[in-house]
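Residue-level listing of the chains:
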Amino acid sequence: MPDDTPTPTPLRFFRACLLILGGIVALWLALELLAQFWGWIVLISVIVLVLCVGVALYRYWWGRRF
């Protein structure tokens, strides 16, 4: 049977601060990981973009022939 008494405000504030701190740490770790691989991510994105544009141009060119 759950207790229906409200959580004290200082405890709620402390939990909110811990959640914010955890979010900051998670964001910092994500940015550190991204900083290590951003060159590869950009390279793969450029390759995918070139392939998509190439396919679109090929389909446009092929469609005009018929």
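Let me sum up the structure you'll find in this document. (Residues numbered from 1 in each chain as written. Predicted model: local features only at pLDDT ≥ 70, side-chain atom pairs only at ≥ 80, totals over all residues. Heavy atoms only, no water.)

1. Re the overall build of the protein chain
Piece 1. Counting secondary structure elements, the protein chain contains one helix and zero strands.
Piece 2. The C-alpha atoms of the protein chain give a radius of gyration of 26 Å, which is well past the 11 Å a tight globule of 66 residues would have.
Piece 3. With respect to the three principal axes, the spread of C-alpha positions in the protein chain is 75 × 35 × 20 Å.
Piece 4. Going through the 66 residues of the protein chain one by one, you find that 0% of them count as buried. (Helix = DSSP H or I, 4+ residues; strand = E, 2+ residues; numbered from the N terminus. Rg over C-alpha atoms; globule rule 2.2 N^0.38 Å. Buried < 20%, exposed > 50% of the residue type's maximum accessible area, 1.4 Å probe, protein only.)

2. Some remarks on the packing of aromatic side chains
Aromatic rings considered in pairs are described by the distance between their centres and by the relative angle of their planes.
Piece 1. Within this structure, the stated rule accounts for three aromatic pairs.
Piece 2. Centroid distance Tyr 58 to Trp 61: 6.3 Å. Interplanar angle 45 degrees. Geometry classified as tilted. You can see Tyr 58 and its partner Trp 61 sitting in helix 1 (residues 9-65), three residues apart, about one turn around the helix.
Piece 3. On the accessibility criterion, Trp 61 (46% relative accessible area) is partly exposed. (Phe/Tyr/Trp six-rings, centres within 6.5 Å; stacked < 30°, edge-to-face > 60°.)

3. Section: the environment of Arg 64
Piece 1. Relative to the assigned elements, Arg 64 resides in helix 1.
Piece 2. Among the residues examined, Arg 64 registers a relative accessible area of 63% and is labelled exposed.
Piece 3. Arg 64 sits 33 residues away from Leu 31 along the chain, and the two C-alpha atoms are 46 Å apart.

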